[in-house]
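# Breakdown of the fold
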Amino acid sequence: MLNFYKTIDNRVVPIEVPEDGSWICAISPNEEEISYLTDNLQIDPGFVRAALDEEESSRVEQEEKQTLIIVDTAVSEVQKDDTLIFYTMPLGIIITEHHVFTISLRENKVIDDVVNGRVRNIQTQFRTQFVLRLMMNITSSFLIYLKQIDKTSSVMQRKLHGAMKNHELIQMLELEKSLIYFSTS
């Protein structure tokens, strides 16, 4: 999915085609959308591939007049058995002379918050400020999820003291795995 946004009257609004100072958001882009990014918008194909690599580690790289920032974002999901899991996935941020691009494998809270106006004072035309606000939102989401992990862990510990059940034990193991993901990110 490929969407274009621009700040108009202090609100991030969707636009039909990219303009100078706009934000191009690619979530799980298909081959046609990837071609549009690389061919029409001249994004480095290696940058796009890196942003879509689930195993990519956080880093900053520069090629010609493009800067790639790969940063891990925190994600939470409720599984079929009502087990809450947390993990991280890379978010690629590409800064060019006229645009900021975000590329991710799946929808995530960080992008969703910006699109739905939950992050205030976003100005897409100020590329550096826009990227810093994204990074601040990513940091905030980690803190929110860490608080959730701590709270859920405390509840599970109390339940485990009362009765040893597989569900609570599995939930505790998932929380511990989540903390490992977060600490490495």
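Think of each chain on its own: its residues are numbered from 1, step by step along the sequence as written. Only residues with pLDDT of at least 70 are given local features in this predicted model, and only at 80 or more are side-chain atom pairs given and counted; all residues enter the totals for whole chains, interfaces and linings. Only hydrogens and water are set aside when side-chain values are computed; all heavy atoms of the structure are taken into account.

### So, the overall build of the protein
In terms of regular secondary structure, the protein is built from five helices and seven strands. Each of the three principal axes of the protein carries a C-alpha extent, and together these read 60 × 35 × 25 Å. Across the 185 residues in the protein, those meeting the buried criterion constitute 46%. In the protein, of all internal contacts separated by at least 6 residues, the share reaching a separation of at least 24 is 52%. Here a strand is any run of E in DSSP of at least two residues, a helix any run of H or I of at least four, and the numbering for each starts at the N terminus. A simple rule labels every residue: compare its accessible area, found with a 1.4 Å probe on the protein chains alone, to the largest value its type can have, and call it buried under 20%, exposed over 50%, or partly exposed in between. Any two residues whose heavy atoms approach within 4.5 Å at even a single point are treated as in contact.

### Here's the deal with the environment of Gly46
Looking at the element boundaries, Gly46 is found in helix α2 (residues 45-51). Taking relative accessible area as the criterion, Gly46 reaches 28% and is therefore assigned partly exposed. Residues Gly46 and Phe182 lie 136 residues apart in sequence; the distance between their C-alpha atoms is 26 Å.

### Overview of unusual backbone geometry
With a phi angle near 50 degrees, Glu64 is a residue other than glycine that sits in the positive phi range. The topology assignment puts Glu64 in the loop between β4 (59-63) and β5 (66-78). Residue classification places Glu64 among the exposed residues on the basis of a relative accessible area of 78%. Even without glycine at this site, Asn121 takes up a positive phi of about 60 degrees. With respect to the element layout, Asn121 can be found in the loop between α3 (109-115) and α4 (127-162).

### Thoughts on the pairing of β4
A pair of strands counts as paired when DSSP detects no fewer than two bridges linking them. Both β4 and β5 contribute to a ladder of five bridges, which runs antiparallel. Residue pairing for β5: Arg59 is matched across the bridge by Ile70.

### Regarding helix α1 (residues 31-40)
Those residues of α1 not exposed but buried are Glu33, Ile34, Leu37 and Thr38. Angular distribution of buried residues about the axis of α1 spans 130 degrees; they occupy a single face of the element. Set apart from the buried face of α1 by more than 90 degrees, the exposed residues are Glu31, Glu32 and Asn40. Lining the buried residues of α1 we find β1 (2-8), β3 (22-27), α2 and β7 (99-104). Remark: Gln42 follows α1 within two positions and exhibits a positive phi of approximately 60 degrees. The arc in question is the one traced by the directions running from the helix axis out to the C-beta atoms.

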